[in-house]
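An overview of the molecular structure
The lines below spell out each chain.
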Amino acid sequence: MASNQFLTLNSGHKMPIIGLGTWQASDEEVEAAIDVALEAGYRHIDTAPIYRNEKAIGRVLKRWLDAGKVKREELFIVTKLPPTANRASDVAATIKKSLADLQLDYVDIYLIHTPISVLTNEDGSIKLDADGIMEPDLTSDITTTWTEMEKLVASGQAKSIGVSNFDQEQLERVLKIAKIRPATNQFEHHVYLQQRDLVDFCKAQGIVVTAYSPLGSKGIAKYNAVVGLVRDLPDLMDIPDVKQIAAAHGKTPAQVLLRWIIDRDIVVIPKSTNPERLKQNLDVFDFKLTAEESAKLSTLDQNFRVCDFSLLRGCERHPEFRFKNQYTK
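Notes on the structure follow.

What about the overall build of the protein?
In terms of regular secondary structure, the protein is built from 11 helices and 10 strands. Expected size for 329 residues packed as a compact globule is a radius of gyration near 20 Å; at 19 Å, the protein falls within 12% of this value. Seen through its C-alpha atoms, the protein measures out along the principal axes to roughly 55 × 50 × 40 Å. Every one of the 329 residues in the protein was classed for burial, and the buried ones make up 54%. Just so you have it, the protein exposes about 14,600 Å², and 50% of that area is on carbon and sulfur atoms. The distance from the centre of the 41 positive side-chain charges to the centre of the 45 negative ones in the protein is 2 Å.

Brief notes about the sheet that holds strand β3 (residues 20–21)
The strand order across the open sheet formed by eight strands is β3-β4-β5-β6-β7-β8-β9-β10, and the pairing between neighbours is parallel. The open sheet is flanked by β3 and β10 (267–268), the only strands paired with a single partner. Judged from the five bridges that link them, strand β6 (residues 107–112) and strand β7 (residues 158–164) form a sheet pairing that is parallel. What sits directly across from Tyr110, in β7, is Ile161.

What about the packing of helix α5 (residues 168–177) against helix α6 (residues 196–204)?
The N-to-C vectors of α5 and α6 enclose an angle of 20 degrees; their axes lie 10 Å apart at closest approach. Considering their axes alone, α5 and α6 lie roughly parallel with respect to each other. Viewed along their axes, α5 and α6 form a crossing whose handedness is left-handed. Listed contacts from α6 to Gln168, Leu171, Glu172 and Leu175 of α5 are Asp197, Leu198, Phe201 and Cys202. Class assignment of the residues belonging to the contact of α5 with α6 gives a composition of five nonpolar, one polar and two charged.

Examining the packing of helix α8 (residues 240–249) against helix α9 (residues 253–262)
Any two packed helices are characterised by the angle at which their axes cross and by the distance between the axes. For the pair α8 and α9, interaxial distance at closest approach is 8 Å and the crossing angle is 100 degrees. Considered as vectors, α8 and α9 are oriented roughly perpendicular to each other. Where α8 abuts α9, its residues Val242, Lys243, Ile245 and Ala246 lie against Pro253, Val256 and Leu257.

Comments concerning helix α3 (residues 91–102)
Taking 1.5 Å per residue as the helical rise, α3 with its 12 residues ought to reach 16 Å, and the 16 Å between its terminal C-alpha atoms agrees with that figure. Listed as buried for α3 are Val91, Thr94, Ile95, Ser98, Leu99, Asp101 and Leu102. End-on view of α3: buried residues confined to an arc of 165 degrees, all on one side of the axis. Opposite its buried face, α3 presents the exposed residues Ala93, Lys96, Lys97 and Ala100, each directed more than 90 degrees away. Buried residues in α3 make contact with α2 (54–66), β5 (76–81), β6, α4 (142–155) and β7. Two residues or fewer past α3, Gln103 is found with a positive phi of approximately 60 degrees.

Thresholds, definitions, all that
Residues numbered from 1 in each chain as written. Predicted model: local features only at pLDDT ≥ 70, side-chain atom pairs only at ≥ 80, totals over all residues. Heavy atoms only, no water. Helix = DSSP H or I, 4+ residues; strand = E, 2+ residues; numbered from the N terminus. Rg over C-alpha atoms; globule rule 2.2 N^0.38 Å. Buried < 20%, exposed > 50% of the residue type's maximum accessible area, 1.4 Å probe, protein only. Areas by Shrake-Rupley, 256 points an atom, 1.4 Å probe, with all protein chains shown as cover. Lys, Arg positive; Asp, Glu negative; His and termini not counted. Charge placed at Lys NZ, Arg CZ, Asp CG, Glu CD. Pairing = 2+ DSSP bridges. Axes fitted to C-alpha atoms, helices over the stretch in contact; angles between N-to-C directions. Parallel < 35°, antiparallel > 145°, perpendicular 65-115°, else oblique. Left-handed = near helix turned anticlockwise from the far one by under 90°. Contact = heavy atoms within 4.5 Å. Nonpolar A, V, L, I, M, F, W, Y, C, P; charged D, E, K, R; others polar. Expected span 1.5 Å × (residues − 1). Arc of directions from axis to C-beta.

By themselves, these figures tell us nothing about what the structure is for.
Listed below in structure tokens is the structure:
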């Protein structure tokens, strides 16, 4: 069971090495997926306000907790401070709303979702300029926001705190002022985007890496299409070397991709709403990649970022934006 495989955070808390990602799922899909996932043995659930599914997840968690099917201390729930509220003054109110939506007294880890911030209208919607492009908030400061994040540990609203989508320089700035060090940095990591320098830096600093989109996130294509983005996205499960290794072990390509990451002591949060694939993504501990197979997968790096934030047109104008996409110069 995945719930018996953990990494220990610098806060002393244990984080299940496999979690369930929930981005790109409707309320109905995510409720069904959480039910199946909990039945299968998942205890680590990753969400965020911008996924718009905290309430749906909260309904499932409450049913399980009220029925005594799981204890709160057995769960590991992750949510995040969104880029629309990435200011020190927003931290307290934002986590309060997330806790209310999740119907929980605390989360196991609370992350700054991105180092970038965007302006909002009075109703909380993202502020757009005359061309329909998001307006960045240039007044936010990740260090002052981090100081407010630290207060959540003292208040008991978050057992641990961390960041997401931070590069080394941004992490170094936080570490210089931190009384509580980030427990994890969650960023895109898979065979085509290995980010070895950032992984090594995090490990050297005692910061656990959480890999989002460990299978490549093919589903992002439909969201790109909605806003008129055309990108040729790779199918990691169709890579010949991955398929060959999977066949040798009698496993799926997804299971091989996940095992390769886990073997590096990195947490993975694959997203699926398919009951069979949900179970398969947990079933990765009954085989081991050979040194040769692992080395072969390590040669696949193409520095290809699937989640390049093109969907958030305008965020590239923020000085903390460090990715490359079609809108960067």
